[in-house]
Amino acid sequence: MWIRSNNSVTERHLGQSMDFASFSREVQAISFSFKDESSKFSGDLDENIVYYLRHYDVVCRNLVISNTRKFDPMHNLFRDDAKEWFFLNIVEKKPLFNGGYEGAANLFMAEYQSLARQERIKQLLDCITFEEFVQGPVTHTDLKIALDKLKTRIVKLTKQCYPAFRGVEHQLAHLRRAVIGQPWSEFPLQTSPPHDDLNK
């Protein structure tokens, strides 16, 4: 009877040790997957929380990490303001928060896709200008790079606006507004303006 009981205790401790080792490997794997700061969500207006959470889900699925174990390494997904928000609003309230990963993801969605944030993004798009992406005398190549950056930012921002303002027609409208006054702004957006016109 004693031997059976002792074996049971040993097996339980062994199982706990193996489970802890497995969990440690999962945490390390998640940490490695998000070691690049650019892969982390900071909360900046041109970052879409939906894409970051989706990427985290894909990484966890590839690492065969179950939903019940996705919460603890979740902090690796965040940096800067978003990481502080995670600790203040979720980690420090853990005794009152029992939603696990899904609950935390929903809170992030509510915070970083709020109507107030969408309105701020729309206002930013209404004021964005091409001059923000160029400084001083520039070459034709510099202008092309600046235009590409402008288009990329507009696409990122519009995807976080109200659904009715996310279409390509709205992206083109913001782009046209941003380049008004440029000597080449009357050319079709899909073509590069002539070199001579850019330097007038």
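Residues numbered from 1 in each chain as written. Predicted model: local features only at pLDDT ≥ 70, side-chain atom pairs only at ≥ 80, totals over all residues. Heavy atoms only, no water.

Regarding the pattern of salt bridges
Here is step 1 of the chain: As enumerated under the stated definition, the model contains 9 salt bridges in all.
Here is step 2 of the chain: Linking K70 and D57 is a salt bridge whose minimum nitrogen-to-oxygen distance equals 2.8 Å. Of this pair, K70 sits in the loop between α2 (49–62) and α3 (80–91) while D57 sits in helix α2, placing them 13 residues apart in sequence.
Here is step 3 of the chain: We classify K70 as buried; its relative accessible area is 5%.
Here is step 4 of the chain: According to the relative accessible area criterion, D57 is partly exposed, its value standing at 25%.
Here is step 5 of the chain: Among the salt bridges present, the one from D148 reaches K144, with a minimum N-O distance of 3.5 Å. Linking D148 with K144, this pair stays in helix α6 (residues 140–158), spanning 4 residues, or about one helical turn.
Here is step 6 of the chain: By relative accessible area, which is 33% here, D148 ends up partly exposed.
Here is step 7 of the chain: The structure contains a network of salt bridges with shared partners spanning E47, R79 and D80. (Salt bridge = Lys/Arg side-chain N within 4 Å of Asp/Glu carboxyl O. Helix = DSSP H or I, 4+ residues; strand = E, 2+ residues; numbered from the N terminus. Buried < 20%, exposed > 50% of the residue type's maximum accessible area, 1.4 Å probe, protein only.)

Some remarks on empty space enclosed by the protein
Here is step 1 of the chain: Under the criterion given, the structure shown has 2 cavities of 30 Å³ or more.
Here is step 2 of the chain: As a volume, the second largest cavity reaches approximately 30 Å³.
Here is step 3 of the chain: If you go around the second largest cavity, the residues you meet are N48, Y112, Q113, R117, Q118, I121 and Q160.
Here is step 4 of the chain: Residue contributions to the lining of the second largest cavity peak at 3 residues, all from helix α5 (residues 115–127).
Here is step 5 of the chain: For the lining of the second largest cavity, the residue count by class is 2 nonpolar, 4 polar and 1 charged. (1 Å grid on protein atoms, 1.4 Å probe; cavity = no way out; pocket = protein on both sides within 12 Å on 5 of 7 lines; lining within 4 Å. Points joined across faces, edges and corners; volume = space filled by probe spheres on them. Nonpolar A, V, L, I, M, F, W, Y, C, P; charged D, E, K, R; others polar.)

A few points about the confidence of the model for the protein chain
Here is step 1 of the chain: In the predicted model, the protein chain carries a mean pLDDT of 79, and 77% of its residues have values of at least 70.
Here is step 2 of the chain: Here residues 1–5 is modelled with pLDDT under 50, and outside its nearest four sequence neighbours on either side it reaches 0 contacts, counting other chains as well.
Here is step 3 of the chain: In the model, residues 191–200 has pLDDT below 50 throughout and makes 13 contacts with residues more than four positions away in sequence or in other chains. (pLDDT = per-residue confidence, 0-100. Contact = heavy atoms within 4.5 Å.)

Regarding the packing of α5 against α6
What describes two packed helices is the angle between their axes and the distance between those same axes.
Here is step 1 of the chain: In the contact formed by α5 and α6, the axes pass within 10 Å of each other and the chain directions differ by 155 degrees. When the axes of α5 and α6 are compared, the pair comes out roughly antiparallel. Our pair here, α5 against α6, has a crossing hand that is left-handed. Residues I121, L124 and L125 of α5 pack against R153, I154, L157 and T158 of α6.
Here is step 2 of the chain: Looking at the contact of α5 with α6 residue by residue, the classes come out as 5 nonpolar, 1 polar and 1 charged. (Axes fitted to C-alpha atoms, helices over the stretch in contact; angles between N-to-C directions. Parallel < 35°, antiparallel > 145°, perpendicular 65-115°, else oblique. Left-handed = near helix turned anticlockwise from the far one by under 90°.)

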